[in-house]
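Each chain, letter by letter, is given below.
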Amino acid sequence: MSSWLGGLGSGLGQSLGQVGGSLASLTGQISNFTKDMLMEGAEEVEELPNSRTKEIEAIHAILRSENERLKKLCSDLEEKHEASELQIKHQSTSYRNELQQKEVEISHLKARQIALQDQLLKLQSAAQSESSGAGSVPTTTASSSSSFNYGISHHAAAFHDDDMDFGDVISSQQEINRLSNEISRLESEVAHWRHIAQISKAQGSNSSDQSEICKLQNIIKELKQNRSQEIDDHQQEMSVLQNAHQQKLAEITRRHREELSEYEERIEELENLLQQGGSGITVTDYPKIHEMQRTIQVLQTEKVESTKKVEELEDQIKDISRKLLSSENDREVLRKEQERLNVENRQISKECENLKLECSKLQPYAMKQSDTVKEGESILPQSTSLEEEVFRLQQALSDAESEITRLSHLNQDNLTEDNLELKMHVQVLEKENSLLSQEKEELHISLLKLNNEYEEIKSTAVRDMDLDSKLHDLRLNLETKEQELNQSITEKEILIAELEELDKQNQEATKHMILIKDQLSKQQNEGDSIINKLKIDLNDEKKRVHQLEDDKMNITKELDVQKEKLIQSELVLNNLHLTKQELEDKIEDLVDQLNKSQNNNLNIQKENFELKEHIKQKEEELSRVRCELTRSLHQDSNSNFKDDLLKEREADIRNLKQNLSEVEQLNENLKKVSFDLKMENEKLVLACEDLRHQLEESIAGNNQISLEKNTILETLKTEKGQLEAELCRAEKRLLEEANKYEQTIEELSNAGNLSASALQLEHERLIKLSQEKDLEIAELKKNIEQIDIDHTETKNILSSSLEERKQLTQLINEKELFIERLKERSSELQEELDKYTEALRKNEILKQTIEEKDRHLGSMKEENNHLKEELERLREQQSRAAPVAEPKTLDCITELESEVSQLNIIKDNLEEEIKHHRKIIEDQNQSKMQLLQSLQEHKKEMDEFKYQHEQMNVTHTQLLLEKDEEIKTLQKTIEEIKTQLHEERQGIQTENSNIFQETKVQSLNIENGSEKHDLSKAETERLVKGIKERELEIKLLNEKNLSLTKQIDQLSKDEVGKLTRIIQQKDLEIQALHARVSSVSYNQDIVYLQQQLQAFAMEREQVLAVLNEKTRENSQLKTEYHKMMDIVAAKEAALLKLQDENKKMSTQFEGAGQEMFRETVQNLSRIIREKDIEIDALSQKCQTLLTVLQTSSTSDEVGGVNSNQFEELLQERDKLKQQVKKMEEWKQQVMTTVQNMQHESAQLQEELHQLQAQVLVDSDNNSKLQVDYTGLIQSYEQNETKLKIFGHELAQVQHSIGQLCNTKDLLLGKLDIISPQFSSGSSLTSQSAGSLKTKSETLSEASQHEIEELRKLLQEKDAAIRTLQENNHRLSNSIAATSELEKKEHEQTDSEIKQLKEKQDVLQKSLKEKDLLIKAKSDQLLSVNENFTNKVNENELLRQAVTNLKERTLSLEMDICKLKEENEKIVEKTREKETEYQALQETNMKFSMMLQEKEFECHSMKEKALAFEQLLKEKEGETGELNQLLNTVKSMQEKTVTFQQERDQVMLALKQKQMENTAVQNEVQHLRDKELRLNQELERLRNHLLETEDSYTREALAAEDREANLRKKVTALEEKLVSSSSAMENASHQANLQVESLQEQLNLVSKQRDETALQLSMSREQVKQYALSLSNLQMVLEHFQQEEKAMYSAELEKHKQLGAEWKKKAENLEGKLMSVQERLDEANAALDSASRLTEQLDVKEEQIEQLKKQNELRQEMLDDVQKKLMNLVNSTEGKVDKILMRNLFIGHFHTPKNQRHEVLRLMGSILGIKREDMEQLLNEDQGGVTRWMTGWLGGGSKSVPNTPLRPHQQSVFNSSFSELFVKFLETESHPSIPPPKLSVHDMKPLDSPRRRKLDISVPESFKDTTEPRSGRRTDVSLFLAPRSAAVPLMNPAGLGPGGPGHLLLKPISDVLPTFTPLPVSPDNSAGVVLKDLLNQ
């Protein structure tokens, strides 16, 4: 059965694997067709050169290697991605587990905090109760008690209602901090491990070290998980116990509050009584006081006892602390949590201390109030406080006891967790002890105070006798307190009972935990099964992935082949193009030849024309000659000279005629040739056009084919994308499920590690469950078989669709002549289809046989149906109680999805980068891959169908064989049962055939000696029935014989036992005698005893001889017994032979059956007698032995030695018997074990084969993994090499950056060098300005030379400025460009370096993660494989056991059915026998009545006869009558004889009926016994069935999950089948559409091919014609060529010369062109620079024009000045003395300003000016220059404009000459424009915006010089503004808005050095002005 099920499973897996492959086989035929087309094309085009093919192959190899490398990279990246996902999931699960743990811990801490708060509330209530009890006024006490009650209730409400408190917030914050610390610690650990892994990688550590590290990490993870699981379990238990404890505490607090309220009410009542009861009683009762003292002492003793209990508890705590100290080594990891808890405890202790302080504050207040309270009131708080103390101690005791019990339970479970909990509880107990000790001290203090008060009260009692009434009241109070004490004792008992209830609850909780463990173990087993299934699914999907990868590889290969074919087709097209070009060249050559021939024809025609003209001339000459000849003939007929001339002329004429004829023939030939050439030309033109059309058509066809291919490729791409998407989804689902299952597994494994003993019990239970589940799996496999049948039907449908496609391919092949290979393939496929149809018929026959075999297995199906119904019931129950999914799982899923989305984003980014690099290669590879895919899928389909068919045949044959084997085994079991039954029935039929045959005749002679009558046939039939009855009797006798043999054995054993007892008694006597002998010390006795010993030795020898004889007899009896057993075995062997003989004998000896039975009975009785005789003989022997022993024992007491030997012999015999039995049992065990070993060896061989297959698969996987690992290592090395390359590139880039920096520094240095040159230029300009000033002072000497020098200097400066500006501009541009380039390069390099670093980091991380993942996965694989093999072995063993049990049950059921049928038959037979017996009894009664009547008649007849004889004697005479009477007597005698015979017959029949009745009764009894046995067996089987049903129900409950999973899988498979069928339909539809489109394309292609074939035939015919015509032309042309070679050679030489000249010209022109191009480039560059310069030039030209105008104005001014100077020189040579004027001039300057008027008056007097005029002039000195001075200097007011003065300005007449000279220079520098009428204040200031900008940008040093000037010139009018302002050449330090711009590009006012007109104030001296000018 196991092999059958295994075969089914394998067939199912293969069929499921082939469903996925069926999709891939859809496009196979199309791809085959395209492949064969391309193969035909490749056959047609195999004329490529070898070099080209080699190049293509090399390119192909390179592309393939690149493709493989990229595939490896993609796979690596995918693996890394998966690894990262797995790691993230593991981390997330660990974090979640930790969070859950921390939440549980927080809940525990909260519970502890709540308990502590309860204790605090109790303390507060105690303190307040004390304060309330001490009140003197009743109203105050009542109010305080009410307020206290309210406070308590309020506190309780707040405590119970509020979930969160400030303390909770703090604790939660601390918890958060601790969790963050732990997270950081875990992160550091993770980083540490990663660092270690990285170091190990960097050092190149071996894979073994890494595997060990991975194993250690896995072990650490497992240990952590185990620890967390155990902590969770213990915390759950703690939480349960704490909840129960909290409930109990709440009840106790409630009761305590009620009691407090009652006490307060009683106190109030007592106070009222005290107030009412004043001073009524005056009797003094000292005994009352003594009673009070006694009660106090009792209370103190109770207190001492409670303190002792507390001390005992403290001792216990110390012991526990010692234990804890011993276990502290295991607790180092958990100390952090303890410290945290200590912090919280400190906080709580602080709060407790605060509360205690409050209590201590309240206590003195209470003590103050106690002065007013009297004796009773002093005792009341004492009693209440003592009661409270007792109550607290009881609570502490109960808590300690509960904790001790719980700790004992927990210590059994786990010590490590208990250590933590014990420590926690110890801390709590220590705190409680500290609190109790404090309270104890407080109580001591209160007792002392109370004693003091008591003494004071005693003194007051002696003084005041009024207190007696109060004492009476106090006595009443004491009685009430005693009652309350009794109540407290009862409450203590109640608390003890409650503690016992808590213990019970704890036990129930432990039971609940055990149940939970059972459930978890079940879940674990289910999870294991699910995991195994998932692993199988994963392996299947991995196989599919590998198949897809193989498909991809094959497709790439096919794509490469098709690419080669495409390249070949392209080469063919190129060849066609080349042929076309050659043809066109030929046509062009022919056209050239035609043109040449036409030219030749024209030349020939011209020559013909000339020849014709020449002929005409010759004919004219001939006519003239003839005329002359005729004349000469007329004149001289006889002259011979003329005759000779005539003859010569005639010969000439003939020659000319011949020449003409030849020329005409040539003309005609040439015309024919030209005509032929024209015809050929036209034909060639037509052929060219045809070829063009053909090429266009072929191009169009190629385009169409390419478009079709593109469409096919796109469809394939979409299909591939869908498949990949589905695969991705399936992988994601599997990963999610795997993660879920892994979580469940981890939880279950953690739960499973709790208890080993429970797990062993569970393991035995689970084995039963697994057996039951295997049955369910078999049922599910049957369902899967049905699905397989459906799958085969779908495959048949697919095969029919494939047949239709093949028919289509056949039609296409009939249409296409050149594709013959497809025809062969289709024929082969048809043959295979025929084979398949035949195989399908065989399969149908096999199916029929299987159905017939299935009918035999109907009973099994019925049982399966019952089990299914039970399973459905259980499912309904489970579906009702379906568990709700936890929200945590949803949160986990959402978090995982978010993480997955993030990882997907990262992955997408990486993939985009990869895609960016590999798009070109992918575009090429995709076309290859898809074409090859379509080709290979068809092949795969064929192979898969073949393989499936073979597998189906194999599976059918296996099924048939297995079912045949099952039927054979069932038949064997039936036959064995039959043989057993027959042996039971016929075991005692015949024991010895020889005895039978010998004694048959004797018995017949003995018994039938008296009866010599024959029996009838009816009686023989009855005897046959009697034989059957005797068979039953023989069976009974056999059983009796067996029982007798057993009795004999028992008797022998009993006798032996008696003998052994006697021997033991003798041994005792011998021991006594030995003791006596040892005691007696007399020699006589010794001698006497020695004699006796000798005598006894003789007797012992005799007894030993007797014993030896008896043992020999016993051994003989044993041998006889063994012989008898052998005879019995031989008889049993002979029984089978005798059965056949009995059948024959029954036919032969029907009459002699009864005798045979009798003989057998006699034989058995004889055997029994012989046995009895043997028993008697043995008993006699035993008696003789006993007598001998007795005589020996009675005669002397030393016979114990013989008894000892006898006992030893008997013991040896018993030992030998036991050993024989043991050996027989061992032999049976060995036989059974040998049989089992044979079975197991067959199973082990099968398992070996499976394991070998698995080992091969594993080796393949290992090899693949090694290949992948080597690929990863190579990729890693490649990445390292790339990194090195990138590092080199980085170094190069850094080097280039350094070079650029150096160049930048150089450029900046050059700029620095250039800037001082400019500063020197500016200094030069300033020097030139200074020289100008000096020269202007000495204008009169050499003004013209100076002007010329100034012009030259200006021109030079302008040129220098321009060159410097150009250089500066270029440098600035170059610097800007280089800086920008450098920045860009820096940015690019930085970005590239960052990207490379990021990529490198990502790759390194992913590599490390992959390595770790691979190792973890390999370890997991090994462990999973081992688990899997173990599980498979267990499953197979369990399956075998189940199958054996099933076979046994079937055989037993069949036996029961047969026995029932036999019982019914026997009952029917007994009923028939009973009816026959009743009928025989009735007939017997009738016969007996008839016999009695006949006897009576006989008696009467005898009496009559006697009477007749007497009458005869009387009447002797009457002889005739006598004769008559005698005759009558004779007749009567005959009748009597007949009657006797009849009577005998009737008696025989009666005897037979009696025998039959007895036999029937025996049969009925036997049947009843059988029925009883069968009923017992039925009851046993029923019990067994009930047990099996229980086990089945358990298995069913446990197996429902499996079945549900399988059902889900079945549904998923059905959905996949539906989807695949729909996809198949869609694909078939698409394929049909594609086939139709392909048919249309084929029709088009065939038409095009036919057309091209026709065109080719036409073109070939034309080519042949052309060849003929060409051959003719060549013949003709050869003649022409020979004739015209000279012509052509001359022309060729000329042309060559011309060509050489032209070439030379062309070369010259090319050189000129190159030079011109260079010039053009230069000109373009110059134009670019000119376009820049033109703008500058425009500006400069404007400036130049302005400067020219200024120069012209200055030249005019200079000319005027020269003229004036000449005039002045001419006019003043004789008039004024120069020395006098010089002195006056110098004196004027030397005199102070106040006295300068007198000098001027002197000069005026010398010059002859009047005083009045001088005074006027001096008065006018403030306004302007004097007229004489102006006239002398400037020649009047013509050239100088009248500058209007400001009101605040003084006149300039009192200024010096130098001032006037400067003023003159100022006015001369301005144009002479009439003054405007505008007002000064209406005008805007002078400064231009550019000037302002410059001023803004100029530094302070420059502004200092410019500000006063500009400030002064702001109010000057626009028309009086200067042309230029003094500005430096360069902006200082490159400032200003323009930056380092060229100066020529700026306006003149900003650039050129000009003089600003300075209106000098009268305060300033001329020296200051000159200094200003020089500074400019």
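Brief notes about a positive patch on the surface
Taken together, the side chains of Lys-522, Arg-765, Lys-768 and Arg-1594 present a region of like positive charge at the surface. Relative to the elements of secondary structure, Arg-765 occurs in helix 13 (residues 756-815). Under the relative-accessibility criterion, Arg-765 is labelled partly exposed at 35%.

With respect to the packing of helix 24 (residues 1778-1790) against helix 25 (residues 1796-1807)
For the pair helix 24 and helix 25, the least separation of the axes is 9 Å and the interaxial angle reads 165°. Here helix 25 runs roughly antiparallel to helix 24, going by the angle between their axes. You can see that helix 24 and helix 25 cross each other, and the crossing is left-handed. On helix 25, the residues touching Leu-1780, Met-1781, Leu-1784, Gly-1787, His-1788 and Phe-1789 of helix 24 are Arg-1796, Val-1799, Leu-1800, Met-1803 and Ile-1806. By residue class, the composition of the contact of helix 24 with helix 25 is eight nonpolar, two polar and one charged.

Re the environment of Glu-57
Along the chain, Glu-57 turns up in helix 3 (residues 50-133). C-alpha separation for the pair Glu-57 and Val-561, spaced 504 residues apart in sequence, amounts to 9.9 Å.

Overview of the side chain of Thr-1389
Take Thr-1389: it is sitting in helix 22 (residues 1339-1514). Here Thr-1389 falls in the buried class, since its relative accessible area comes to 12%. When near neighbours in sequence (up to four residues on either side) are disregarded, Thr-1389 contacts Val-1293 and Ile-1297.

Observations concerning helix 25
Given a rise of 1.5 Å per residue, twelve residues ought to cover 16 Å, and the 16 Å separating the end C-alpha atoms of helix 25 matches this to within 8%. Along helix 25, the residues that are buried comprise Arg-1796, Val-1799, Leu-1800, Met-1803 and Gly-1804. Along the long axis of helix 25, the arc covered by the buried residues comes to 140°, so they all point the same way. Two residues or fewer past helix 25, Gly-1808 is found with a positive phi of approximately 85°.

A look at the packing of aromatic side chains
A ring pair, where both rings are aromatic, is described by two values, the distance of the centres and the angle of the planes. Applying the stated criterion across every chain yields a total of one aromatic pair. Both rings, one in Phe-1785 and one in Phe-1789, keep their centres 4.7 Å apart while their planes meet at 75°; by these two values the pair is edge-to-face. Of the two residues, Phe-1785 and Phe-1789 both sit in helix 24, four residues apart, roughly one turn of that helix. The partly exposed category is assigned to Phe-1785, whose relative accessible area is 31%. Classification of Phe-1789 by relative accessible area gives partly exposed; the value is 29%. One Lys or Arg, Lys-481, reaches over the ring of Tyr-263 and ends 5.1 Å from the middle of that ring.

Some thoughts on the side chain of Thr-253
Inspection of the secondary structure puts Thr-253 in helix 6 (residues 207-276). In this structure the side chain of Thr-253 is engaged in a polar contact, spanning 2.5 Å, whose partner is the backbone oxygen of Ala-250.

Some thoughts on the nonpolar core
Core analysis: the biggest nonpolar cluster contains eight residues, these being Val-1056, Leu-1059, Ile-1063, Val-1103, Leu-1107, Leu-1189, Phe-1206 and Leu-1210. Elements with a minimum of two residues in this core: helix 18 (1017-1079), helix 19 (1083-1148) and helix 21 (1200-1337). In terms of residue count, the dominant contributor to this core is helix 18 (three residues). For Leu-1189, the residues in contact, after removing those within four places along its chain, are Leu-1059 and Lys-1066.

Things to note about helix 15 (residues 858-880)
Residues spaced three or four apart along an α-helix point in a common direction, a consequence of the helix completing one turn every 3.6 residues. For helix 15, which comprises 23 residues, the first-to-last C-alpha distance of 33 Å matches the rise-based estimate of 33 Å (1.5 Å per residue) to within 8%. Taken residue by residue, helix 15 has Met-860, Asn-864, Leu-867, Leu-871, Leu-874 and Arg-875 as its buried positions.

A word on the confidence of the model for the protein
Predicted confidence across the protein gives a mean pLDDT of 77, with 77% of residues reaching 70 or more. Considering only residues more than four positions removed or in separate chains, one finds that residues 995-1007, a stretch of pLDDT under 50, has 21 contacts. Taken together, the stretch residues 1954-1958 has pLDDT below 50 and engages in 22 contacts with residues farther than four places along the chain or on a different chain.

Quick word on a nonpolar patch on the surface
Residues Trp-193, Leu-216, Ile-219, Ile-220 and Leu-223 make up a contiguous nonpolar surface patch of roughly 450 Å² in combined accessible area. Of all the elements, helix 6 adds the most residues to the nonpolar patch, at four residues. With respect to the helices and strands, the residue Trp-193 is situated in helix 5 (residues 166-202).

Structural notes on the packing of helix 25 against helix 26 (residues 1811-1819)
Helix packing geometry: the angle between the two helix axes and the distance between the axes. For the pair helix 25 and helix 26, the least separation of the axes is 10 Å and the interaxial angle reads 140°. Accordingly, the angle class assigned to the pair helix 25 and helix 26 is oblique. As for how helix 25 packs across helix 26, the hand of that crossing is right-handed. The segment helix 25 lies against helix 26, with His-1797, Leu-1800, Arg-1801 and Gly-1804 engaging Met-1814, Glu-1815 and Leu-1818. Of the residues contributing to the contact of helix 25 with helix 26, the split by class is three nonpolar, two polar and two charged.

Cut-off values and rules
Residues numbered from 1 in each chain as written. Predicted model: local features only at pLDDT ≥ 70, side-chain atom pairs only at ≥ 80, totals over all residues. Heavy atoms only, no water. Patch = residues over 30% accessible without salt bridge, like charges linked within 9 Å, V, L, I, M, F, W, Y side chains within 5 Å. Areas by Shrake-Rupley, 256 points an atom, 1.4 Å probe, with all protein chains shown as cover. Salt bridge = Lys/Arg side-chain N within 4 Å of Asp/Glu carboxyl O. Lys, Arg positive; Asp, Glu negative; His and termini not counted. Charge placed at Lys NZ, Arg CZ, Asp CG, Glu CD. Helix = DSSP H or I, 4+ residues; strand = E, 2+ residues; numbered from the N terminus. Buried < 20%, exposed > 50% of the residue type's maximum accessible area, 1.4 Å probe, protein only. Axes fitted to C-alpha atoms, helices over the stretch in contact; angles between N-to-C directions. Parallel < 35°, antiparallel > 145°, perpendicular 65-115°, else oblique. Left-handed = near helix turned anticlockwise from the far one by under 90°. Contact = heavy atoms within 4.5 Å. Nonpolar A, V, L, I, M, F, W, Y, C, P; charged D, E, K, R; others polar. Expected span 1.5 Å × (residues − 1). Arc of directions from axis to C-beta. Phe/Tyr/Trp six-rings, centres within 6.5 Å; stacked < 30°, edge-to-face > 60°. Lys NZ or Arg CZ within 6 Å of the ring centre and 35° of its normal. Polar contact = N/O pair within 3.5 Å; in protein donor to acceptor, adjacent residues only side chain to side chain. Core = buried A, V, L, I, M, F, W, Y, C linked by side-chain atoms within 4.5 Å. pLDDT = per-residue confidence, 0-100.

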